[in-house]
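Chain by chain, the residues:
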Amino acid sequence: MKKIFLMIVVAMTTMAANAQKFALLDMEYILKNIPAYERANEQLNQVSKKWQAEVEAINTEAQTMYKNYQNESAFLSKEQKKAKQDAIMKKEQEASELKRKYFGPEGELYKKRASLMGPIQDEIYNVVKDIADMRGYQLVIDRASDSGIIFGSPKIDISDEVLSKLGYK
């Protein structure tokens, strides 16, 4: 009986020695409290609206060309029809290429977002890493993401500390 008790105590001590420390943070909360992030987000929205308007203008032009083609097609020769169809297709392709240029996976909006948000995210990451190193956290989880966290104790939430080290609030 003493051996079993001793083994349980040794096992529990070993498990306690290997216990990992965790922390939570709320990235949405942090970002909402950083004015530079809000400004960058507004700038991205304005640029996005401007570029979307450019794409829509070309699409509207293509639609107008198509409507005109439909109205005139009865009076056009085969060659004229072909020329108008080609012009419409070229305009639609122009709109598609512009959309891809601005909003594609490696488009201008992606690059703009990376240039505006990257430094802010890097600064947050570095502060979180410093806090984790200082406190011995092996894992810091973002409670704002879809990670399936049902409950996280406010005692282990370091969001306010991150903001404080960044110089906010």
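On a predicted model such as this, the values are computed, not experimentally measured, just so you know. (Residues numbered from 1 in each chain as written. Predicted model: local features only at pLDDT ≥ 70, side-chain atom pairs only at ≥ 80, totals over all residues. Heavy atoms only, no water.)

Asker: If you had to explain the overall build of the protein chain to someone new, which residues and values would you point to?
Answerer: The number of helices and strands found in the protein chain is six helices and two strands. What you see in the protein chain, going N to C, is helices and strands ordered as α-β-α-α-α-α-β-α. Of the contacts formed within the protein chain by residues at least 6 apart in sequence, a portion of 76% connects residues at least 24 apart. (Helix = DSSP H or I, 4+ residues; strand = E, 2+ residues; numbered from the N terminus. Contact = heavy atoms within 4.5 Å.)

Asker: Explain the pattern of salt bridges residue by residue, including any values.
Answerer: A side chain with one charge can pair with a side chain of the opposite charge if their charged atoms come near. Under the criterion given, the structure shown has six salt bridges. Of the charged contacts in the structure, one is a salt bridge between Asp-133 and Lys-129, with a shortest N-O distance of 3.2 Å. Residue Asp-133 and its partner Lys-129 are located together in helix H5 (residues 108–135), separated by four residues, close to a single helical turn. On the basis of relative accessible area, Lys-129 is assigned to the partly exposed category, the value being 38%. In the salt-bridge network here, residues are joined through shared partners; they are Glu-61, Lys-91 and Glu-94. (Salt bridge = Lys/Arg side-chain N within 4 Å of Asp/Glu carboxyl O. Buried < 20%, exposed > 50% of the residue type's maximum accessible area, 1.4 Å probe, protein only.)

Asker: For the packing of helix H3 (residues 35–72) against H5, give the residues involved together with the corresponding values.
Answerer: At a closest axis distance of 10 Å, the pairing of H3 and H5 adopts a crossing angle of 175°. Looking at the two axes, H3 sits roughly antiparallel to H5. On the side of H3, the interface is formed by Ala-36, Tyr-37, Ala-40, Asn-41, Gln-43, Leu-44, Val-47, Ser-48 and Trp-51, while H5 contributes Glu-108, Leu-109, Lys-112, Arg-113, Leu-116, Met-117 and Ile-120. Looking at the contact of H3 with H5 residue by residue, the class counts come to ten nonpolar, three polar and three charged. (Axes fitted to C-alpha atoms, helices over the stretch in contact; angles between N-to-C directions. Parallel < 35°, antiparallel > 145°, perpendicular 65-115°, else oblique. Nonpolar A, V, L, I, M, F, W, Y, C, P; charged D, E, K, R; others polar.)

Asker: Please give an account of helix H4 (residues 78–103) that cites residues and values.
Answerer: When the terminal C-alpha atoms of H4 are compared, their 37 Å separation across 26 residues agrees well with the 38 Å that a helix rising 1.5 Å per residue should span. Considered for burial, the residues of H4 that qualify are Ile-88, Lys-91, Ala-95, Leu-98 and Tyr-102. In the core, the buried residues of H4 are packed alongside H3 and H5. (Expected span 1.5 Å × (residues − 1).)

Asker: Tell me what's going on with a nonpolar patch on the surface, and back it up with residues and numbers.
Answerer: A contiguous nonpolar surface patch, about 230 Å² in accessible area, is contributed by Phe-22, Leu-139 and Ile-156. Locating Leu-139 in the fold gives a position in strand S2 (residues 139–142). (Patch = residues over 30% accessible without salt bridge, like charges linked within 9 Å, V, L, I, M, F, W, Y side chains within 5 Å. Areas by Shrake-Rupley, 256 points an atom, 1.4 Å probe, with all protein chains shown as cover.)

Asker: Which residues make up the confidence of the model for the protein chain, and what values go with them?
Answerer: Mean pLDDT over the protein chain stands at 85; residues scoring 70 or higher make up 83%. Confidence, read as mean pLDDT per element, is least for helix H1 (residues 2–17) in the protein chain (48) and greatest for H3 (95). (pLDDT = per-residue confidence, 0-100.)

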